[in-house]
Amino acid sequence: MLIQIFSLLLQVAVGLVAGTCLLRTYMHLMRIPLSLRSGNPLAPFVFALTNWLVLPLRRSVPAIGRLDTASLLAAYAVVLAKSVLLGLVIGHIPYWVDLLALSGLELLKLSLSSLVWLVLVYAVLSWVRAGSDVGYAVGQLVEPLLQPLRRVVPQVGGVDLSPLALLVVLQVLEIVLHNLSI
């Protein structure tokens, strides 16, 4: 029971930190301004959770084009550390190659589940409160993913079904990843 509680708490903490590192990577990739002066309402949150890990890495890990490799590496390191820590607690650490591969798959799963949450937040904010700063920031993250789907998925009665289609695609990808990791 204590191991399950510890695992849950560790999973929540790692999901929050690694997920925010992934968000930072995605925002950098999409060229969404992430400075405090830009007025992006997510910037203070992202910086508070990731600067302690990303900034030291940035000194030695350069970006590759638009890809913020320091943030991506930070997310991977957090997931890898979680796997090692859980292995130590349980008393079974997988072979290091397996550990690296499983951590990579877990990072992909975290990326997909984070995107699912972003799409859900986008959909709810589009129904409830149009024009908010957070809604605009989330829209900047989700709209590029919806644009290709909007060419294929027609509006039904004036309702945009592309977020639903994106959720289905993300869920299918999660199922594929789950079956790859078994």
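Computed from a prediction, not measured in an experiment: that's the story for all the values here.

Caption draft 1: Representation of the packing of aromatic side chains in the model. A complete count under the given rule lists one aromatic pair for this structure. Ring geometry for Tyr 95 against Trp 96: centres 6.1 Å apart, planes inclined by 45°, an arrangement best described as tilted. Exposure class is identical for Tyr 95 and Trp 96. Each is exposed.

Caption draft 2: Broad picture of the nonpolar core. Met 27, Leu 141 and Val 142 are the most contacted members of the largest nonpolar core, which has 26 residues in total. Elements represented by at least two residues in this core include exactly helix H1 (2–29), helix H2 (43–58), helix H4 (96–128), helix H5 (133–150) and helix H6 (162–181). Excluding residues within four positions of it along the chain, Leu 141 makes contact with Leu 23, Tyr 26, Met 27, Ile 32, Leu 42 and Leu 118. In terms of nonpolar packing, the next biggest core, distinct from the first, is built from 19 residues, Leu 10, Val 14, Ala 74 and Val 78 among them.

Caption draft 3: Local environment of helix H3 (residues 69–90). With 22 residues, H3 should cover 32 Å at 1.5 Å per step; its first-to-last C-alpha distance of 31 Å lies within 8% of that length. At the exit of H3 stands Gly 91, carrying a positive phi of roughly 95°.

What counts, and at which threshold
Residues numbered from 1 in each chain as written. Predicted model: local features only at pLDDT ≥ 70, side-chain atom pairs only at ≥ 80, totals over all residues. Heavy atoms only, no water. Phe/Tyr/Trp six-rings, centres within 6.5 Å; stacked < 30°, edge-to-face > 60°. Buried < 20%, exposed > 50% of the residue type's maximum accessible area, 1.4 Å probe, protein only. Core = buried A, V, L, I, M, F, W, Y, C linked by side-chain atoms within 4.5 Å. Helix = DSSP H or I, 4+ residues; strand = E, 2+ residues; numbered from the N terminus. Contact = heavy atoms within 4.5 Å. Expected span 1.5 Å × (residues − 1).

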